[in-house]
Amino acid sequence: MHVRERLLLCSLRCVLNVTRGINKFGSSLPLPEQVLNKLNVKRVCQLHLRFLHTIVFIQSRQRFALMSDLESPPPPALAGEKRTCPEDEEQDLPLKKQKTEADHGNRAAPSQDEETSCLPEEEAACEGEEEEDGDTFADMMKHGLTETDVGILKYVSDHEGFSGILKERYSDFVVHEINKQGKTVHLDDVSVPADTEEVQGEEHQPKDDDVLTEEQKKQLGDLQLYKNKEGTVSIQVVDDTKEKRTLIHKAIKTQFPGLETKTEEKDGCRFIVAYHVAGKKALAAPRKHFWPKNRGSFCHFVLYKENKDTMDAINVLSKFLRLRPNMFSYMGTKDKRAITVQEIAVLRITADRLAHLNKCLLNLKVGNFSYKNHPLKLGELQGNHFTVIIRNISGTGEQVHQAMTSLKQTGFINYYGMQRFGTTAVPTQHVGRAILRNNWNQVVDLILKPRPGAEKEYLVHCREEWAKTQDPEAALKKLPNKRCLEGQLLRGLSMYGKKNIVTAFGLIPRNNRLMYIHSYQSFVWNTMVSRRIQAFGLKAVAGDLVLRGTTAHVLSAEEAEQHSIHDIVMPLPGFDVIYPSHHIGDGYRELLSADGLDIDNMRHKVRDYSLAGAYRRIIIRPTDVSWDVIQYDDPRISLVHTDFEKLENKPAPVFNTGTFILGLILLNR
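Below you will find a few notes about this structure. Here the structure is a predicted model, which is why all the values come from computation and not from measurement.

The rules behind these values
Residues numbered from 1 in each chain as written. Predicted model: local features only at pLDDT ≥ 70, side-chain atom pairs only at ≥ 80, totals over all residues. Heavy atoms only, no water. Helix = DSSP H or I, 4+ residues; strand = E, 2+ residues; numbered from the N terminus. Buried < 20%, exposed > 50% of the residue type's maximum accessible area, 1.4 Å probe, protein only. Contact = heavy atoms within 4.5 Å. Core = buried A, V, L, I, M, F, W, Y, C linked by side-chain atoms within 4.5 Å. Domains from an automatic or database assignment. Expected span 1.5 Å × (residues − 1). Pairing = 2+ DSSP bridges. Axes fitted to C-alpha atoms, helices over the stretch in contact; angles between N-to-C directions.

## A closer look at the environment of Ile578
Residue placement: Ile578 occurs in the loop between strand 15 (568-572) and helix 20 (583-594). Judged by its relative accessible area of 36%, Ile578 is partly exposed. In this structure the C-alpha to C-alpha distance between Ile578 and Thr551, which are 27 residues apart in sequence, comes to 9.5 Å. Leave out the neighbours within four places in its chain, and Ile578 touches Leu545, Ala552, Val554, Pro571 and Tyr615.

This is the structure:
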């Protein structure tokens, strides 16, 4: 019997055993009915489905696109264990089957935290879901996309591979961005840079410590650490002068970053009132911050995140800093189920305010601050450095060596990974196709309609309300978090009406809107690359395209002999690209025509959705590939020494002797 079939059978047996145990347990103890409802077969099936989806057969003849963040194509499309930065990692259940990723910007994944944004392709959270009729275990297996659904069909080689578990823990996948200067980005400094602008006469002023009493400092400290974030601390100004008030304002902001102050008068006395920047008072009356002229307008910093998508992390930061998410810029989105390190820029926010968040947020850390006069742009990075752990590997040492050698020497087919296309029964490329066809009613229907498969309970209720009433305000009330993508669309429909969907859709952040049309482009690219490899294999042929500078050139038969498959590019459809002159070029036209699109008219009525197109290499050969097969005896330990652990002076992982489990550590850039 095949390994995966055996695993499926074992999981089904576990389902039956656990169900019997639940029935027996429930009959012997007077448990509340709602508790028993949550201990149901469907919930057990969800857990086993998560486990089965992590069993990935790692064959070097496969895509090996888990390293594919080396290119920099168009802006991002869509994107566990709960681990706080200061604490030890806890054991997590394996999540969905891990697919491969094709470039640096591949998704904006959903969040499982109330404070962050959630996207439509959100992975189901098991906690707190009520029992629902409908899906059986077999049904749930069918709801996700498969590789063939998104055009991933071909292999790069044909030797025998080996199997293992990819991303059993999110710490098994570590990504460090490589910036446009070619430097690998690390978080290694959380100090705040000294401000270059000096305060005149500062040496004659009292020290900050002399202004506040110990009791006031304690109250301000509690306020700063969110122990009473909706409250205030009032400090009466004794010997009231403008200079004294200024000193108190400055002392609070300097010693307690994250707090704002204002002056109020009560009963003839003046008070300095401190409040938290994330509190409702601050949101109701935001204040402008002084910004020195000689300081760069953008604060650049390194974002270290664990088990969060880039957009989720930015939504968290934007909430606590009272900013719109589009005030942040970055060079590419990073995987959710991973530890990633990347550079971010934000407009006119001080390093002090950012550094304060290190005390408060889970799974995030910021540092390496600097001020510059420019934001970051998508695609500016040179690539990413990956550390990948494959656990429980099987196969001989020779099989592992063959697979890794193939990766190092030949590379992988540069497919766009599964995350770009979503994780629910409504693929993001379908939404993108509807946008390009200017079918806005279908766009709304695809995003908001009910769908099979596991999903957060409030999203299920929201979709059901929309399907029943088509009332955006009623559906919006079902969402505790209005910042999620569905909430933003419903809010837009409430404000502008269902007859002005284009404007309503515009309330969704631009990157999230563009993810849909880029998803469609990615689907077309994957499909045509599979056809091209099927037709011509891994060699350059007449009619293929290569880049000369930024311009694509069609190869003649003679020129094809001078090029390898690593030089060949294929276009993402758009108005500013050319297509191969062999029959694969005609395939683009046929595919788009079947979807109701005109390849000769890729400009849209809404400028944001006009597709210029781009070029992308078919095969990527990663650089600096190395690997090591290790033996360890504790599946709960992290096998990578992270930037945060180094900052905290924590020791590197030690692999103890005992009952050995084989693992593979793979490094590349």
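## Some thoughts on the nonpolar core
A general feature of soluble globular proteins is that nonpolar side chains tend to end up buried together. Ranked by internal contacts, the top residues of the largest apolar core, which has 73 residues, are Ile435, Ile447, Leu490, Leu493 and Phe505. For this core, the leading source of residues is helix 18 (residues 510-536), giving eleven residues. Both domain 3 (450-508) and domain 4 (514-620) contribute no fewer than three residues apiece to this core. Filtering out sequence-adjacent residues up to four positions away, Phe505 remains in contact with Ile435, Trp440, Val443, Ile447, Leu489, Arg513, Tyr516 and Tyr609.

## Side note on helix 9 (residues 310-321)
Its twelve residues give helix 9 an end-to-end C-alpha distance of 16 Å, which sits within 8% of 16 Å, the value for a rise of 1.5 Å per residue. Across the twelve residues that make up helix 9, a large majority, eleven, are buried. Buried within helix 9 are the following residues: Thr310, Met311, Asp312, Ala313, Ile314, Asn315, Val316, Leu317, Ser318, Phe320 and Leu321. In this fold, the buried residues of helix 9 make contact with strand 7 (298-306), strand 8 (328-330), strand 9 (339-347), helix 10 (351-356), strand 10 (364-372) and helix 18.

## Points about the sheet that holds strand 5 (residues 259-266)
Reading across the sheet, the three strands line up as 4-6-5 and stay open at both edges, with antiparallel pairing between neighbours. Strand pairing shows two members of the sheet lacking a second neighbour, strand 4 (232-236) and strand 5, which therefore form its edges. Ignoring strand direction, the axes of neighbouring strands in this sheet form an average angle of 25 degrees. Of the pairings in the sheet, the one linking strand 5 to strand 6 (residues 269-276) comprises eight bridges and is antiparallel in character. Bridge assignment links Lys262 to a residue of strand 6, and that residue is Val273. Running over the sheet, helix 7 (residues 242-255) touches strand 4, strand 5 and strand 6 and is turned about 150 degrees from strand 5.

## Notes on the pairing of strand 14 (residues 551-554)
Of the strand pairs in this sheet, strand 13 (residues 545-548) and strand 14 are connected by four bridges, and their pairing is antiparallel. Within strand 14, the position partnered with Leu547 by the bridge is Ala552.

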